[in-house]
Amino acid sequence: MTIAIDVHAAVAPSGRADRIGRGLAAFAALATVGAFADGIMRMTDAADDRLWVEAWRTITYAFFIGLFALLAARPRKAAGVWELALAGKTALVVFAVIVGDIPEARLAGMIDFALVAVVALAYVLSRGWQAWQPGTTDPPR
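As the structure is a computational prediction, the values presented were derived from the model and not from experiment.

Asker: Quick rundown of helix H4 (residues 81-99)? Include the residues and the values.
Answerer: Count 3.6 residues to each turn of an α-helix, and residues three or four apart come out pointing the same way. Helix length check: H4, at 19 residues, gives a terminal C-alpha distance of 27 Å against a target of 27 Å (1.5 Å per residue), a fit within 8%. For H4, the set of buried residues is Val81, Trp82, Ala85, Leu86, Lys89, Val93 and Ala96. Looking straight down H4, one finds its buried side chains confined to an arc of 130°; they lie on one side. With respect to the buried face of H4, the exposed residues turned more than 90 degrees away are Leu84, Phe95 and Ile98. Against the buried residues of H4 lie helix H2 (15-45), helix H3 (48-73) and helix H5 (103-125).

Asker: Could you give me a rundown of the side chain of Thr58, with the residues and numbers involved?
Answerer: Within the secondary structure, Thr58 is located in helix H3. Judged by relative accessible area, which is 2%, Thr58 ranks as buried. Within the structure, the side chain of Thr58 is placed 3.2 Å from the backbone oxygen of Gly39, a separation counted as a polar contact. Ignoring any residue separated from it by four or fewer positions in sequence, one finds Thr58 in contact with Phe36, Gly39, Ile40 and Met43.

Asker: Quick one: what's the story with the nonpolar core, residue by residue and with numbers?
Answerer: A general trend in soluble globular proteins is that nonpolar side chains are found buried together. Membership of the largest hydrophobic core comes to 21 residues, with the highest contact counts inside it found for Phe68, Leu71, Trp82 and Val119. Contributing elements (two or more residues each) for this core: H2, H3, H4 and H5. If one sorts the elements of this core by residue count, H5 sits on top with six residues. Ignoring anything within four residues of it in the chain, the contact list for Leu71 reads Ala25, Ala78, Val81 and Trp82.

Asker: If you had to explain the pattern of salt bridges to someone new, which residues and values would you point to?
Answerer: Think of it this way: side chains of opposite charge can pair up when their charged atoms draw near. Under the criterion given, the structure shown has eight salt bridges. The partner of Arg22 in a salt bridge is Asp18, and the shortest N-O contact between them spans 2.8 Å. On the criterion of helical spacing, the pair formed by Arg22 and Asp18 is a turn pair, its members being four residues apart in helix H2. The exposure class assigned to Arg22 is buried, which follows from its relative accessible area of 7%.

Calculation criteria
- Residues numbered from 1 in each chain as written.
- Predicted model: local features only at pLDDT ≥ 70, side-chain atom pairs only at ≥ 80, totals over all residues.
- Heavy atoms only, no water.
- Helix = DSSP H or I, 4+ residues; strand = E, 2+ residues; numbered from the N terminus.
- Expected span 1.5 Å × (residues − 1).
- Buried < 20%, exposed > 50% of the residue type's maximum accessible area, 1.4 Å probe, protein only.
- Arc of directions from axis to C-beta.
- Contact = heavy atoms within 4.5 Å.
- Polar contact = N/O pair within 3.5 Å; in protein donor to acceptor, adjacent residues only side chain to side chain.
- Core = buried A, V, L, I, M, F, W, Y, C linked by side-chain atoms within 4.5 Å.
- Salt bridge = Lys/Arg side-chain N within 4 Å of Asp/Glu carboxyl O.

Below is the structure:
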C-alpha cells in the first residue's frame, strides 16, 4: 500500500485565505490608482522646476499599480515582488516619520503605513513567500 502526499496542497493557503489575500492586493492596486490620478493633477499644475519630480512620482504610482496587480494575479509566482513592494513602502513610512512635521510627508506616511499593513496581510494570507519555493503552483481560483 502506497500513500501519496501532495506537498504543495499541504502548504497552499486555504481557498478563502487565498481569495482574501488576492483581494487585498487588488485593493492596493486600485487604491494606488487614486494616487496616480492625483499625480496627474499635480503634474498639470506643477511649476517648471517641479515638473520632473511630479512626473517621476506619478510614474512610480503606475509602477506600484502594476506590482500590486501582479501580486493579486499570481501571488505565489512573483518571487521577490512582495518583498520589494513591502520594502519600498516601508522605507517611505520610515522617511515620513523622520521628516515628521512636513504636512505632505505626514499624510503620505499614514497612507503608506495603511498600504504596508494591507500588503503585509495579503502576503501572509496568500503565502507569498512560497514564490521562492521551486515548483510551487497557484491553486485554481
